[in-house]
Amino acid sequence: MILIELFFTFLKIGSFTFGGGYAMITMIQYEAERHNWLTQAELVDFVALSESTPGPLAVNMATFVGIRTGGIPGAAAATLGIVLPSFLIILIIAKCFTRFKDHKTVRGIMSGLKPAVAGMIGTAFLSVGRTVFFPSGLKSGCFSDASFLICLGIFAVTAVMAFKKVHPIRIILLSAVLGIGAGFGLGL
Amino acid sequence: MNLLPDLFLTFFKIGLFTFGGGYAMIPLIQREVCTNKKWLKEQELTDIVAIAESTPGPIAVNAATFVGFRTGGLTGACIATLGVVLPSFLVISLISFALNAFQDNKAVQYAFMGIRAAVLALILKALWMMFRSAKKNPFSYFIMGAALILTAFLKTDAVFVIIGCGLFGLIWSLRNRKEQSRDTD
């Protein structure tokens with residue numbers, strides 16, 4: 001049943017999302033492909049909308065996938081699943097040990113987790129890159145395609161803005177304006 | 001005001017007015033929870049941020065659960081967490097319906113063409129931040145490469161990668177510590 005499937009999938013993702021919501025993209029993509037929930041392009045759109053709406057990225061994305069696959073009950077099941085692991089873990093920490101982060105075991109585990117999260121965000125970068133630049137696959141001439149060049153230009157501009165610490169919402173708004181301008185201007 | 005409605009409204013406000021999640025949320029949490037309501041000391045909030053880094057889940061949710069529990073026990077933890085999540089839930093539901101209505105619109109399609117390229121840029125930024133916060137040594141680079149290859153090309157479930165790399169980090173640090181203590185003997 002879809003609700004139970006959504007709940008347990010996001011419970012699993014919520015138990016293993018370290019280092020912010022971006023590593024989660026790789027996990028959601030893996031599950032979405034396995035369950036046939038959404039396309040890669042839809043997933044990228046969800047990331048953009050989740051960044052431009054209030055609330056944590058992980059919660060927003062869970063709600064999105066949930067509502068798209070199981071309606072409002074689906075959204076509730078997915079959100080509950082993503083929040084429950086951190087809820088339980090923080091309850092235990094708040095009750096038992098406050099010096100948690102200084103614990104040697106925790107530090108050891110984190111020394112392996114941080115680079116792993118970096119690697120997983122690398123995977124998200126590769127798969128989203130393929131969706132952005134080659135939406136219909138690699139074929140001859142796709143590098144001189146007008147839409148390829150537009151996307152490359154927008155990517156370059158927004159990457160510079162991101163590294164200059166411009167707020168993500170402004171970056172996304174500008175990219176939408178650039179996309180609309182280029183799309184109508186060139187009559188794609 | 002009673003504690004429980006106060007917890008709910010405060011965290012509802014935090015959930016509603018913080019965009020992008022993560023560290024962007026900390027200043028607002030600090031103002032509401034430490035300065036206005038005095039539920040936590042500044043030092044405790046710093047601890048929560050550090051704990052949130054080493055536990056799964058978003059910082060805002062972790063902070064809500066922690067503050068709720070400290071001030072109002074289990075009920076408080078539930079109420080505060082519900083408060084911080086509810087705005088996301090409502091806003092995303094609305095947007096999802098709007099998206100359904102407008103997705104065939106040409107302008108919306110062009111906008112998303114641009115937005116997808118911007119998301120790629122944001123992911124690059126996140127990658128760079130995470131790369132910088134990891135330790136700079138061969139062990140770290142090896143794990144990065146292994147995690148990338150496993151999830152990108154061999155289509156391994158990321159959960160196994162996370163568990164494996166965490167265990168590997170633990171064993172490695174235990175081994176190093178033993179060697180260090182032998183050196184100092």
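Residues numbered from 1 in each chain as written. Chains lettered and ligands numbered in written order. Predicted model: local features only at pLDDT ≥ 70, side-chain atom pairs only at ≥ 80, totals over all residues.

**Focus on the overall build of chain A**
Then step 1. Check the secondary structure of chain A and you find seven helices and zero strands.
Then step 2. Ordered by position in the sequence, the α and β elements of chain A form the string α-α-α-α-α-α-α.
Then step 3. Every one of the 188 residues in chain A was classed for burial, and the buried ones make up 56%.
Then step 4. For chain A, long-range pairs separated by at least 24 residues make up 60% of all intrachain contacts whose partners lie at least 6 apart in sequence. (Helix = DSSP H or I, 4+ residues; strand = E, 2+ residues; numbered from the N terminus. Buried ≥ 20, exposed ≤ 12 C-beta atoms within 10 Å, placed from the backbone. Contact = placed C-beta atoms within 7 Å.)

**What about the interface of chain B and chain A?**
Bring the parts together and some accessible area is lost; that lost area is often taken as the interface size.
Then step 1. Listed by partner, the interface residues are 80 residues for chain B and 91 residues for chain A.
Then step 2. Of all the secondary structure elements, the ones that give two or more residues to the side of chain B that touches chain A are α1 (3–17), α3 (42–53), α4 (59–102), α5 (106–133), α6 (138–152) and α7 (158–184) of chain B.
Then step 3. The element that contributes the greatest number of residues to the side of chain B that touches chain A is α5 of chain B, accounting for 22 residues.
Then step 4. Tallied by class, residues from the side of chain B that touches chain A come to 52 nonpolar, 22 polar and six charged. (Nonpolar A, V, L, I, M, F, W, Y, C, P; charged D, E, K, R; others polar.)

**Overview of the confidence of the model for chain B**
All names here are of chain B.
Then step 1. Of all residues in chain B, 93% attain a pLDDT of 70 or more, and the chain-wide mean is 85.
Then step 2. Element-level pLDDT for chain B is lowest in α3, with a mean of 78, against a maximum mean of 91 in α6.
Then step 3. Note on the complex model: pTM 0.80, ipTM 0.82. (pLDDT = per-residue confidence, 0-100.)

**Considering α3 of chain B**
Then step 1. Between its first and last C-alpha atoms α3 of chain B spans 17 Å; for 12 residues at 1.5 Å apiece the expected length is 16 Å, and the two agree.
Then step 2. Where α3 of chain B is buried, its residues touch α4 (57–95) of chain A together with α4 of chain B. (Expected span 1.5 Å × (residues − 1).)

**Describing the domain arrangement of chain B**
Then step 1. You can read the domains of chain B as domain 1 (3–102) and domain 2 (106–184).
Then step 2. One C-alpha centre belongs to domain 1 of chain B, the other to domain 2 of chain B; they are set 26 Å apart. (Domains from an automatic or database assignment.)

**Section: the domain arrangement of chain A**
Residue and element names in this part refer to chain A.
Then step 1. Domain annotation of chain A identifies domain 1 (2–133) and domain 2 (139–188).
Then step 2. Taken together, the contacts link five residues of domain 1 with six residues of domain 2.
Then step 3. Looking at the side of domain 1 that touches domain 2, the elements that each hand over two or more residues are α3 (40–52) and α5 (104–133).

**Focus: the nonpolar core**
Then step 1. Grouped together as the largest cluster of nonpolar side chains are 122 residues, with contacts concentrated most on M61 and I121 of chain A together with V119, A121 and I123 of chain B.
Then step 2. It is α4 of chain A that provides the largest number of residues to this core, a total of 18 residues.
Then step 3. The contact partners of M61 of chain A, leaving out residues within four places of it in the chain, are G21, M24, I28, F46, V47 and S50 of chain A. (Core = buried A, V, L, I, M, F, W, Y, C linked by C-beta atoms within 7 Å.)

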